[in-house]
Amino acid sequence: MNPTLKKPRESVNLSELTQSTFPDEVLEKVLSLVQSHKDRNSASLVCKDWYNAERWTRTKLFIGNCYSVSPEIVARRFPKIKSVTLKGKPRFSDFNLVPENWGADIQAWLDVFAKVYPFLEELRLKRMAVSDESLEFLAKSFHGFKVLSLLSCDGFSTDGISSIAAHCKSLTELDIQENGMDDISGSWLSCFPDDFASLEVLNFASLNSEISIDALERLVSRCKSLRVLKVNRNVTLSQLQRLLVRAPQLIELGTGCFLPDLTSRQYAELESAFSNCKNLHTISGLWEATYRYLPVLYAACASLTFLNLSYATIRSGEFSKLLTHCPSLRRLWVLDTVKDEGLEAVGTSCPLLEELRVFPADPFEEDIVHGVTESGFVAVSAGCPKLQYVLYFCRQMTNAAVATIVRNCPDFTHFRLCIMNPGQPDYMTNEPMDEAFGAVVKTCKKLQRLSVSGLLTDLTFEYIGRYAKNLETLSVAFAGRSDWGMQCVLEGCSKLRKLEIRDCPFGNAALLSGLEKYESMRCLWMSACSVTMNGCRLLAQERPRLNVEVIKDENSDDSADKLYVYRSVAGPRRDAPPFVVTL
Amino acid sequence: MSPPLLGVGEEEGQSNVTLLGSSSSLGSICQKGLALKERNYMGLSDCSSVDSCNISTSSEDNNGVGLNLKATELRLGLPGSQSPERGTEPCPLGSTKVDEKLLFPLHPAKDTAFSVSQKTIVTGNKRGFSDAMDGFSEGKFLSNSGVKAGDAKETSRVQPPKLKDANTQGTVLEKPSAVNEASNRAGSGAPATKAQVVGWPPIRSFRKNTLASASKNNEEVDGKAGSPALFIKVSMDGAPYLRKVDLRNYSAYQELSSALEKMFSCFTIGQYGSHGAPGKEMLSESKLKDLLHGSEYVLTYEDKDGDWMLVGDVPWEMFIDTCKRLRIMKGSDAIGLAPRAMEKCRSRN
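With an unreviewed UniProt entry as reference, chain B is termed Auxin-responsive protein, source organism Capsicum baccatum. Under Function (unreviewed entry), UniProt gives the following word-for-word description of chain B: "Aux/IAA proteins are short-lived transcriptional factors that function as repressors of early auxin response genes at low auxin concentrations." Quoted verbatim from the Sequence similarities (unreviewed entry) field of the UniProt record, the comment on chain B reads "Belongs to the Aux/IAA family."

As recorded in an unreviewed UniProt entry, chain A goes by the name Protein AUXIN SIGNALING F-BOX 3, listed as coming from Capsicum baccatum. Its UniProt record gives chain A the following Subcellular location (unreviewed entry) comment, quoted word for word: "Nucleus". We quote the UniProt Pathway (unreviewed entry) comment for chain A here in full: "Protein modification; protein ubiquitination."

Right under this line is the structure:
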């Protein structure tokens, strides 16, 4: 692409009107204000001038599938990138459906970035394979590096984090979440130099090793701009108090272990520390929190917008009391130990709620019926009409309840319902849950993301195809009757980008019905379905710009056990492990 | 082979008829309400009917892969209730189709009615089986077996799920049959340990691991510190017998008070209607509302020194430590206490 080319030979009528009045500099200035990568992608399609102006001004790169493009292609097109977000493995790898060493290694990207973007500042990775060597390479290659965020990645250890702490002198953000990493020791925290003071975000809540509390205190004291601090379970309440008094400016706090072990004087000090944190919007952590010590939070809850109790096995009593102090809550994550009574309290106390996630405390415990039921969900929907995002794990649900819920809350954009027994019907009428999801797609016009569960026939998918016109992500498990179901979705959901399916009776006919569709999607995942290798080969033949990858189980029959299909301009993977067959 | 029909569902009046055995005589038996006798027969010999069912299943099984193994699996399923992944349509047994439609009060006829009821029957089977095992606890029929139905159904109906095993890549087909047999045999006692499906429910490893350890800790820590339940006697003036409550179940006076209200509501005239349930005796509703809250009754406790104290004065923790027994006193008895109690209650409310 020649950046100096101003007048394309073949001009469309309109270009004659616009091109002479817009110098590149102005165009670039305007486009540099456009942040959203989706808008930028659209802008780049307008004409060559815009394409060029856009590529010169893009500083943030978002790549939703690291194999859809290669680092070289990216480097050629965008010369001025400062921030990169990369996502790697298919989402089902979070649930152990993807074998180890599948790929998505960051090193290949870092090699190119080190040459082309020496001033890279931010790297946010999700489901990528990251090694300690890569982290060290990163720390030493990019001198102004500021932001590292690792979510659901694997392959590294705390040694890699030590490299980052030791060498990134300008680091502002270190966010390590839920990774498959080796927690060797907490000494990484002590690797920050003594004069290092630029940290704004520190999240090590999911690390298990013991860090030096003294080092942490000193770090927190030095970093005056610290706004996010999320510590791990090894930090006790009294230690937390000492941190809080050094950082009353915090906006987000992840507490350590909330085990009650304070004298009454220490309790009072902790209470006072919390009441001094006037800017807290987010509280999380709260491991082992019990009714005894939750009141210490009350003073800090007035401006709370996000409360994450998803690691605290609290009950409805203390939960309800806590909620009365949180009237501004917008996002709430909670465990199902609060039961329906707790959710009723949510409906009563949190009218501004927009997001609710209810996680199961005992997901594999089948003998006792406990947790939350449909009535808890209904109660929340009755009191929180602004609900947009819900993730709900339960053991029973009815079609009628879901219909009521979406009547109360028609603005859902994300509806993820997990009835934990696969294929379980409406427990009162014993019918499939088709009408429930039918109600969801008919009522919630803005629905972008849907996860279905329970006993579902093809009717559910007919409904989805017919009504869910804004749907972008669909997750299906143990559902459907025949190819027809999947066909309905592929034909009807015009905005579909990600489709992930497991354990459903969809076969080659369904797979091939999406021939026209897959290039407009980011990816398709099908595992334990009825697709065969032949079907996959056909797909690969018909659509050479798709990467069709199959992970086979050990039996040698023709079934394609795990199929992953995605569009790519980089061609087939060159780093695929032996168990990934590219067709 | 007159298949027994579990008519429990019929008593409940709605669509939850459970069926076992082959299809042909379903409709007639159900309609005639030979329920009781059938039920007993079922309880004794349901295994055999399951087996006979399975034989007919396997004979119609036209699947490709894993055919033989499937045939020998002990499965709870009507003929035709194959795991759908293998591409067989729900078994088109004509008679089954008709009978099922009669049996189930389906919603205004849809094209999928057949397959709906087919699947419903599959569910019903599971419930019938486990319900037989449970000895027909009618009241809990739906809620208990809703869960168990899912169990057995999940392992047999679904294309052999990948069991959570050291090697997820192992031969998958054999294992589900082992699981099914285990669940069938073990059904008489506690429900069989369900084989875990890989990656289900969809929860990230970090959360799974964290919660596993958290719930262990929490049992010790949550105000109990490993100490046993604290059961104390609760008496109510005029009630024919006493009750016991575990004070460790509550974290505040309000919870204790509501629990006691519910527990003792049966001893006063009529039903407790404070949750707005209509159609109950209105006469005593006001009386019951005042229970523990004022005029009629006062909640007192006997402390370590043997004195009778008014509940609510001291912090909850201290109360738990000193309370030996509870007494719900009639207001008229609590002459000295009652006015104060009412004031307290009014100020609280």
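Trainee: Tell me about the overall build of chain B, and name the residues and values.
Mentor: Along the backbone of chain B there are 13 helices and 7 strands. Here chain B holds 349 residues, and 51% of them are scored as buried. In chain B, the share of contacts with a sequence separation of at least 24, taken over all contacts with a separation of at least 6, comes to 59%. Carbon and sulfur atoms make up 54% of the accessible area of chain B, which amounts to about 16200 Å² in all.

Trainee: Any chance you could break down the packing of aromatic side chains for me, citing the residues and the numbers?
Mentor: Taken as a whole and assessed by the stated rule, the structure comprises 28 aromatic pairs over all chains. A connected cluster of aromatic rings, assembled from ring pairs, spans Tyr 67, Phe 92, Phe 95, Trp 102, Trp 525, Tyr 564 and Tyr 566 of chain A. Cation over ring: Arg 207 of chain B sits above Tyr 311 of chain A, and NZ or CZ is 4.5 Å from the ring centre. If you follow Arg 207 of chain B out to its NZ or CZ, it ends over the ring of Phe 359 of chain A, 3.6 Å from the centre.

Trainee: A description of the pairing of strand β16 (residues 414–419) of chain A should follow, citing residues and the corresponding values.
Mentor: Residue and element names in this part refer to chain A. Judged by how many residues are buried, β16 sits mostly within the fold: 6 of 6 residues are covered. Alternating positions in β16 separate into two faces, His 414, Arg 416 and Cys 418 on one and Phe 415, Leu 417 and Ile 419 on the other, with burial throughout. Both strand β15 (residues 389–394) and β16 contribute to a ladder of 6 bridges, which runs parallel. Within β16, the position partnered with Tyr 389 by the bridge is His 414. For the handedness criterion, the β-α-β arrangement of β15, helix α15 (residues 399–408) and β16 is classed as right-handed. Alignment of β16 against strand β17 (residues 449–451), held across 3 bridges, turns out to be parallel. Looking at β17, one finds that Phe 415 is bridged to Leu 450. Read from β16 through helix α16 (residues 434–443) to β17, the crossover connection turns out right-handed.

Trainee: Report on helix α17 (residues 458–467) of chain A, specifying residues and quantitative values.
Mentor: What sets the pattern is the α-helix's 3.6 residues per turn: residues three or four places apart point alike. Residue and element names in this part refer to chain A. The element α17 is largely enclosed, with a buried count of 7 among its 10 residues. Residues of α17 that are buried: Asp 458, Leu 459, Thr 460, Phe 461, Tyr 463, Ile 464 and Gly 465. The inward-facing, buried residues of α17 abut α16, β17, β18 (473–477) and α18 (483–492).

Trainee: With reference to specific residues and values, describe the state of the cysteines.
Mentor: Applying the stated criterion across every chain, the model contains 0 disulfides over all chains. For the unlinked cysteine Cys 504 of chain A, the closest cysteine sulfur is that of Cys 529 of chain A, found at 5.2 Å.

Trainee: Let's hear about the nonpolar core: which residues, and what values?
Mentor: Counting residues in each nonpolar core, the largest one holds 182 residues, and the members touching the most others are Phe 412, Phe 415, Leu 450 and Ile 464 of chain A. Once residues lying within four places of it in the same chain are set aside, the contact partners of Phe 412 of chain A are Phe 377, Leu 387, Gln 388, Tyr 389, Val 390, Ile 405, Val 406, Cys 444, Lys 446 and Leu 447 of chain A. Counting residues in each nonpolar core, the second largest holds 22 residues, with Val 245, Met 263, Val 311 and Leu 326 of chain B among its members.

Trainee: Mind laying out the environment of Leu 120 of chain A, listing which residues take part and the relevant values?
Mentor: All names here are of chain A. Relative to the helices and strands, Leu 120 resides in the loop between α6 (107–116) and β3 (122–126). It is 6.2 Å that separates the C-alpha atoms of Leu 120 and Phe 145, two residues lying 25 residues apart in sequence. Leave out the neighbours within four places in its chain, and Leu 120 touches Ile 81, Lys 82, Ser 83, Val 84, Phe 113, Phe 142, Gly 144 and Phe 145.

Trainee: Break down the environment of Gln 266 of chain A for me, citing the residues and quoting the values.
Mentor: Residues and elements named next belong to chain A. For Gln 266, the location among the structural elements is in helix α11 (residues 264–276). Judged by relative accessible area, Gln 266 falls into the partly exposed class, the value being 28%. For the pair Gln 266 and Leu 237, spaced 29 residues apart in the sequence, the C-alpha separation amounts to 9.0 Å. Each residue touching Gln 266, except ones within four places of it in the same chain, is listed here: Ser 238 and Asp 261.

Trainee: Provide a residue-level description of the packing of helix α14 (residues 374–383) of chain A against α15 of chain A, including the pertinent values.
Mentor: All names here are of chain A. Orientation of α14 relative to α15, taken along the N-to-C sense of each, is 15 degrees, at an axis distance of 8 Å. With respect to α15, the axis of α14 lies roughly parallel. α15 is crossed by α14, and the crossing has left-handed handedness. Facing Glu 374, Phe 377, Val 378, Ser 381 and Ala 382 of α14, the residues of α15 in contact are Ala 401, Thr 404, Ile 405 and Asn 408.

Trainee: Please give an account of the sheet that holds strand β3 (residues 231–236) of chain B that cites residues and values.
Mentor: Residue and element names in this part refer to chain B. Spatial strand order, β4-β3-β7-β5-β6: 5 strands in an open sheet with mixed pairing. Across the chains shown, the open sheet's two edge strands, defined by having one partner strand only, are β4 (243–246) and β6 (308–310). Strand after strand, the sheet turns through a mean of 35 degrees between neighbouring axes, direction not considered. Against the sheet, helix α10 (residues 253–264) engages β3, β4, β5 (297–302) and β7 (325–330), with an angle of about 155 degrees to β4.

Trainee: Can you lay out the confidence of the model for chain B for me, pointing to particular residues and giving the numbers?
Mentor: Residue and element names in this part refer to chain B. Confidence along chain B averages 53 in pLDDT terms, with 26% of residues attaining 70 or more. Segment residues 80–194: pLDDT under 50, and 259 contacts once partners within four positions in sequence are set aside and those in other chains are kept. Counting interchain partners and residues more than four positions distant, the pLDDT-below-50 stretch residues 338–345 has 14 contacts.

Definitions and limits used
Residues numbered from 1 in each chain as written. Chains lettered and ligands numbered in written order. Predicted model: local features only at pLDDT ≥ 70, side-chain atom pairs only at ≥ 80, totals over all residues. Heavy atoms only, no water. UniProt positions renumbered as here; feature names shortened; annotations may be inferred. Helix = DSSP H or I, 4+ residues; strand = E, 2+ residues; numbered from the N terminus. Buried < 20%, exposed > 50% of the residue type's maximum accessible area, 1.4 Å probe, protein only. Contact = heavy atoms within 4.5 Å. Areas by Shrake-Rupley, 256 points an atom, 1.4 Å probe, with all protein chains shown as cover. Phe/Tyr/Trp six-rings, centres within 6.5 Å; stacked < 30°, edge-to-face > 60°. Lys NZ or Arg CZ within 6 Å of the ring centre and 35° of its normal. Pairing = 2+ DSSP bridges. Right-handed = clockwise from strand over helix to strand, strands pointing away. Disulfide = S-S within 2.5 Å. Core = buried A, V, L, I, M, F, W, Y, C linked by side-chain atoms within 4.5 Å. Axes fitted to C-alpha atoms, helices over the stretch in contact; angles between N-to-C directions. Parallel < 35°, antiparallel > 145°, perpendicular 65-115°, else oblique. Left-handed = near helix turned anticlockwise from the far one by under 90°. pLDDT = per-residue confidence, 0-100.

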